[in-house]
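# Observations on the model geometry
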Number of protein chains: 4
Amino acid sequence: MPSRIALVLLSLTPWLAAVPAHAQSQSPLAGMPPEVIEDIVIGSRVLADFGVVDGFGHVSARDPANPSHFLMSRSLAPALVTADDIMEFDQDGNPVDARGRSIFLERFIHAEIYKTRPDVMAVVHTHSPGVIPFSVSKTPLRAIFHNGAFLAGGVPIWDIGKNFGATDMLVRNNEIGKSLAQALGDKPVVLMRGHGDATVGPTVKMAVFRAYYTDVNARLESQAIALGTEVTYLTPEEGAKADAVNFTVIDRIWNLWKQQVQPSLAK
Amino acid sequence: MPSRIALVLLSLTPWLAAVPAHAQSQSPLAGMPPEVIEDIVIGSRVLADFGVVDGFGHVSARDPANPSHFLMSRSLAPALVTADDIMEFDQDGNPVDARGRSIFLERFIHAEIYKTRPDVMAVVHTHSPGVIPFSVSKTPLRAIFHNGAFLAGGVPIWDIGKNFGATDMLVRNNEIGKSLAQALGDKPVVLMRGHGDATVGPTVKMAVFRAYYTDVNARLESQAIALGTEVTYLTPEEGAKADAVNFTVIDRIWNLWKQQVQPSLAK
Amino acid sequence: MPSRIALVLLSLTPWLAAVPAHAQSQSPLAGMPPEVIEDIVIGSRVLADFGVVDGFGHVSARDPANPSHFLMSRSLAPALVTADDIMEFDQDGNPVDARGRSIFLERFIHAEIYKTRPDVMAVVHTHSPGVIPFSVSKTPLRAIFHNGAFLAGGVPIWDIGKNFGATDMLVRNNEIGKSLAQALGDKPVVLMRGHGDATVGPTVKMAVFRAYYTDVNARLESQAIALGTEVTYLTPEEGAKADAVNFTVIDRIWNLWKQQVQPSLAK
Amino acid sequence: MPSRIALVLLSLTPWLAAVPAHAQSQSPLAGMPPEVIEDIVIGSRVLADFGVVDGFGHVSARDPANPSHFLMSRSLAPALVTADDIMEFDQDGNPVDARGRSIFLERFIHAEIYKTRPDVMAVVHTHSPGVIPFSVSKTPLRAIFHNGAFLAGGVPIWDIGKNFGATDMLVRNNEIGKSLAQALGDKPVVLMRGHGDATVGPTVKMAVFRAYYTDVNARLESQAIALGTEVTYLTPEEGAKADAVNFTVIDRIWNLWKQQVQPSLAK
């Protein structure tokens, strides 16, 4: 039962104040929407805090000002992402202005999903420890409680080996990214065999919420199966209704998460 | 499921001193019993600390001065609840003076249990990760050790779908709340299928104790079942006797919990 | 298996310095051996830190100056125990000078084991979450790795119901304590059905080490069983040899634990 | 999978600056490569942070200046290791200049692997809780995701009892160490029955990465098996390709780990 020592050090430098400052300057963040960047930073850190991501994984957002482009951190552990690390990528996943910074190999997950799914405004990729067992199993991931209701419509598993043979398992080009996006289809979550998952949403908050509760739901389902008797899942109809509620309560948990990661931002 | 130990740096503002201050002023807390409010705050935070609740869940108390009313936080993550957030609700779950604050959708869990069970002075609602697997399983939750002795009399499972068909799973009105209260009957705990649980007690401390040990007991029972051989549970008679002891030792663990959450209160 | 980052805040008040001071004064600690008291305090706190005890459980030591007596905290959560809380008890578990302090109901676990086992210098009682499943199962707890080697000689389970019928599960008198001590026999650990365990040792350090590694070993054995194929345990001969090594390396882990709990002592 | 919020209190003494200072002085670290020593310290602490090691376990590196020798801490819990604790050992595991410091009983694990495997520049020994169940099971540890790809070529289990009968389970001499090194063969990881594992790598970073992800992969495989249906593992070809990527991303997670353990170093 892991616990954490969260410390508040004297007064916190109000870190968010820095974002508008950057936006107004000639910094690389010029023109980027500060709220979206803030959400990418908070989402990255909170997923690290919960162990949904470790040193790997990433959170991106479609650029509201230029919807064919998206925003994502340079190559960096999610727990360390700051507003200054966010970069702009074009529709094929090329950095608009790399300025020598290293970038994520798997940015094609994001690029190809944004291309295929105009409704998607944010994408999260994780190696979620709850999810990986389901990615390699014949046991389907199903909605076990209302916070995982978005899973009730079915969770596809994408196996990179099906179309690409023996690879290094990574989504390292547009063709592989496109295959993944097709497997995702119109769903909120796709599992990646032997690798992790990708979750999407109409906001960064919802994509992060889904990444978190996909992991939680997977662990709870594993525990329910281990009890050895029949398990009752949410029906698709219950899932659709309960997921609508998730949208109305997201700010309650997001405000908690924001407070939770602020100490690390104030370092 | 992470919890956190927050540390107090430098001197702590003695937060509890603020409660009488509020009670004496014209603040919204005027007339509210400071001890009960303190227990709601501590209970909310300690359950968050242990991961029994995450961003959702709530702790309430019957108003000792007006037993048809009850006290509960405005809509807020349990880890963030302070004395100032506590509001008064009438017997149907309507806020007495909302003053524009948002309130919990599921306040009807509390309202209807207080109506049905005059002995109940406090109610806790959680999405406890230990409990959810049992809420969707045919494997009954049973008392596996003396701290979970209150489970030995049987733990009903309430399935919202039985009377209400395909819903969003929430206790969003008095009728649904009444159905839940009826399923609870004279027991200390009721599981809610695909959702969580509600625990009750003659004090906030005991309702929180039961929410915590229902979660612990559920995890221990899962582990015992996984060993693959016959499991011996407490008999109802052992349960009744052992639960009586829980009432005599509650302050020992409550004092620990109070110290554990005070640093986060001093933030 | 949680570990923690312990922080040293500014300069620590050298807490141990207080112990000799007490011993020299007319305080209740007068005449008590400061090293043994320090070990009880550290052991109580480190077991709380690891979740082997929660609000309940206790660590005691035989009084080196008066071997028919023993030393144990007043009734208090283990995480909060300080040197000032240690009291002296006679051979039947009566406090020598209670001075109005409340004492543990289950002190008879300690009293009767010290009476039966002259080799035992320390006793730990826990509701260890790894152990409880084995206490109610037909699956025996066995030594799965060298740090749990002391389990290789067999781990008896004591069922209070066998001789005492339906009770509140507690060791609340000398007769019940004696029954438990007899079940322990010449072993280092006894499981208590639906309750927890008692571990003993020739020093406080070794009794705490055994309480910790009984919990760890139980969890590892559960995981090994869950793999579904045959499990190889340490033989009794391997266990005897490997346990001898535990005595030679105890200080390495004890020094770590001491540093781990010092910040909480300095609060 | 615990993660942690590491905090820097006030200004940190730049600890790494001390290493060159030592190297230039007549200190025992004179002539030792500061980068390698830093990596041993960080690796030891991060593995402790994640619970891959507890009070026991060790990280070593081949001495780049004298490849038949290796560098390892004096006998100390990994969480407490500092640059000053690193000692030099010859090819048989004898300390070059012990200066009265106590040394690890099991240094022969390291000595004999360096002798047998010229490609190996670092060795980690753990009692990893994810791994121990596989060390005593007939269920093979296999690569379940790309970060555990180095396991896809097979993971040997070394049983000390096969050649040495009933022992204390320890690698306490060169002959036993040689047997273990032979079981390791040309693989990156060997499990030790009822004890733990040894992982090796061409750098300290990679050996630590492998110790960490061997533990993670083992836990994930256990969870996948518990789902009760067929599990798909990485093929050896996928494993070889995916492991090549691990070498290119190691710095991303290492930089995170370095920041994570710096507060404890600044104590």
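Our structure's up above, just so we're on the same page.
A brief structural summary. (Residues numbered from 1 in each chain as written. Chains lettered and ligands numbered in written order. Predicted model: local features only at pLDDT ≥ 70, side-chain atom pairs only at ≥ 80, totals over all residues. Heavy atoms only, no water.)

### Details of the overall build of chain A
For the record, the criterion: A run of DSSP states H or I qualifies as a helix once it reaches four residues; a run of E qualifies as a strand once it reaches two. Both are numbered from the N-terminal end. Residue burial is assigned from relative accessible area. The probe radius is 1.4 Å, only protein chains are included, and a residue is buried under 20% of its type maximum, exposed over 50%, and partly exposed in between. The contact criterion used is simple: two residues touch if any of their non-hydrogen atoms lie within 4.5 Å. The protein chains shown are the only cover counted for residues, whose accessible areas, like all others here, come from Shrake-Rupley with a 1.4 Å probe.
When helices and strands are tallied, chain A shows 8 helices and 8 strands. The buried share of chain A, reckoned over its 267 residues, is 62%. Once local pairs closer than 6 in sequence are excluded, the contacts in chain A between residues at least 24 apart make up 67%. For chain A, the exposed area adds up to about 8,900 Å²; of that, 53% sits on carbon and sulfur atoms.

### What to know about helix 3 (residues 107–116) of chain D
For an α-helix the count is 3.6 residues per turn, leaving residues at separations of three or four pointing the same way. Most of helix 3 of chain D is tucked away: 8 of the 10 residues are buried. Within the sequence span of helix 3 of chain D, burial applies to R107, F108, I109, H110, A111, E112, I113 and Y114 of chain D.

### A short note on the sheet that holds strand 7 (residues 189–192) of chain A
All names here are of chain A. Going by this rule: Pairing between two strands requires that DSSP report at least two bridges joining them. Lines fitted to C-alpha atoms define the axes here, with helix axes fitted over just the stretch in contact, and angles between the N-to-C directions of these axes take values from 0 to 180 degrees.
In space, the 7 strands of this open sheet follow the order 4-3-2-5-8-7-6, with mixed pairing throughout. For this open sheet the edge positions go to strand 4 (86–89) and strand 6 (157–158), each flanked by a neighbour on one side alone. Taken together, the 4 bridges between strand 3 (residues 70–73) and strand 4 define a ladder with antiparallel strand orientation. Directly across from S73, in strand 4, lies its bridge partner I86. Along the sheet, helix 2 (residues 34–49) makes contact with strand 2 (58–62), strand 3, strand 4 and strand 5 (122–126), crossing strand 2 at roughly 160°. Sheet strands touched by helix 7 (residues 204–226): strand 2, strand 5, strand 7 and strand 8 (196–201). Its angle to strand 8, the strand with the most contacts, is close to 145°.

### Some remarks on the pattern of salt bridges
Residue and element names in this part refer to chain D. Heads up, the condition is: We define a salt bridge as a contact between a side-chain nitrogen of Lys or Arg and a carboxyl oxygen of Asp or Glu at a distance within 4 Å.
Taken as a whole, this structure holds 52 salt bridges over all chains when the rule is applied. Between K241 and E237 there is a salt bridge; the shortest N-O distance is 3.7 Å. With a gap of 4 residues between them, K241 and E237 both fall in helix 8 (residues 236–265), about one helical turn apart. Note on E237: relative accessible area 48%, which makes it partly exposed.

### Brief notes about the pairing of strand 6 (residues 189–192) of chain C
All names here are of chain C. Neither face of strand 6 is open: one carries V189 and L191, the other V190 and M192, and all of them are buried. In terms of strand pairing, strand 5 (residues 157–158) meets strand 6 through 2 bridges, oriented parallel. Each residue of the ladder has a partner; that of I157, found in strand 6, is L191. As defined by bridge partners, strand 6 adjoins strand 7 (residues 196–201) across 4 bridges and the pair is classed as antiparallel.

### Examining the sheet that holds strand 7 of chain C
Residue and element names in this part refer to chain C. Across the sheet, 7 strands lie side by side as 3-2-1-4-7-6-5; this open sheet has mixed pairing. Looking at which strands have only one partner, the edges of the open sheet turn out to be strand 3 (86–89) and strand 5. Contacting strand 5, strand 6 and strand 7, helix 6 (residues 174–184) runs over the sheet at an angle of about 130° to strand 6.

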